[in-house]
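Architecture and fold: a report
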Amino acid sequence: MDFFDRMYTLRFSKLGTRVVNFLLVVIICFNLVNLYFVFDLYSYHEIIKYLPDNSLKSQIPRKLAIPLYLNTLANILLLFICLMSRLSR
């Protein structure tokens, strides 16, 4: 047991905390980029796909953009709360 106590020192625990905090910031940044793409998707009125048999398939992306928007905002809020609680210790 003494070997494992020597391996887990304060220096290594602070390094792990910094890595986790950095990863939380990176994930928040990726969610902000995702938010930009969701806004871009919401601006389309209709997406048209040309099929091989010369027919058209259309889809309205606004129905998909709203749940993606809410999911991204919830992710950002949860990650921000986790980061702030870790930094306030």
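See the structure printed just above.
Here, residues in each chain are numbered from 1, in the same order as that chain's written sequence. Selection of residues for local features in this predicted model requires a pLDDT of at least 70, selection of side-chain atom pairs for listing and counting requires 80 or more, and totals for whole chains, interfaces and linings are taken over all residues. Values shown for side chains rest on all heavy atoms present in the structure; no hydrogens or waters enter the calculation.

Thoughts on the pairing of strand β1 (residues 47-50)
Here four bridges tie β1 to strand β2 (residues 56-59), and the two strands are oriented antiparallel to one another. The residue bridging Lys49 from the neighbouring strand is Lys57, located in β2. A pair of strands is treated as paired once DSSP finds two or more bridges between them. Each helix is a run of DSSP H or I of at least 4 residues and each strand a run of E of at least 2, with the numbering of both proceeding from the N terminus.

Some details on a nonpolar patch on the surface
Surface patches are drawn from residues lacking salt bridges whose relative accessible area is over 30%; two like charges belong together within 9 Å, two nonpolar side chains (Val, Leu, Ile, Met, Phe, Trp, Tyr) within 5 Å. In these tables, accessible area is a Shrake-Rupley quantity obtained with a 1.4 Å probe, and a residue counts as shielded only by the protein chains included in the view. Any Lys or Arg side-chain nitrogen found within 4 Å of a carboxyl oxygen on Asp or Glu counts as a salt bridge. Together, Val19, Phe22 and Leu23 line one region of the surface with nonpolar side chains, adding up to about 290 Å² of accessible area. Locating Phe22 in the fold gives a position in helix α2 (residues 10-43). On the accessibility criterion, Phe22 (55% relative accessible area) is exposed. A simple rule labels every residue: compare its accessible area, found with a 1.4 Å probe on the protein chains alone, to the largest value its type can have, and call it buried under 20%, exposed over 50%, or partly exposed in between.

A look at the packing of aromatic side chains
Side-chain rings of Phe, Tyr and Trp (the six-membered ring for Trp) are treated as a pair once their centres are within 6.5 Å; stacked means planes under 30 degrees apart, edge-to-face means over 60, and tilted covers the remaining angles. Under the counting rule described, the total for this entry stands at two aromatic pairs. Aromatic pair Phe39 and Tyr69: ring centres 5.5 Å apart, planes at 45°, arrangement tilted. Of the two residues, Phe39 is situated in helix α2 and Tyr69 in helix α3 (residues 62-87); the sequence distance between them amounts to 30 residues. A residue is classified by how much of its surface remains accessible, and Phe39, at 48% relative accessible area, is partly exposed. The lysine or arginine in question, Arg62, covers the ring of Tyr42, its NZ or CZ lying 4.7 Å from the ring centre. A ring is scored as having a charge over it whenever the NZ atom of a lysine or the CZ atom of an arginine sits within 6 Å of its centre and within 35 degrees of its normal.

So, the environment of Ile28
With respect to the secondary-structure elements, Ile28 resides in helix α2. Excluding residues that lie within four positions of it along the chain, Ile28 makes contacts with Leu79, Phe80 and Leu83. Residue contacts follow a heavy-atom distance rule, with two residues in contact if any of their heavy atoms lie within 4.5 Å.

Topic: unusual backbone geometry
Of note in the backbone geometry, Asn54 takes a positive phi value of approximately 60° without being a glycine. If you trace the backbone, Asn54 turns up in the loop between β1 and β2. With relative accessibility at 76%, the residue Asn54 sits in the exposed group.

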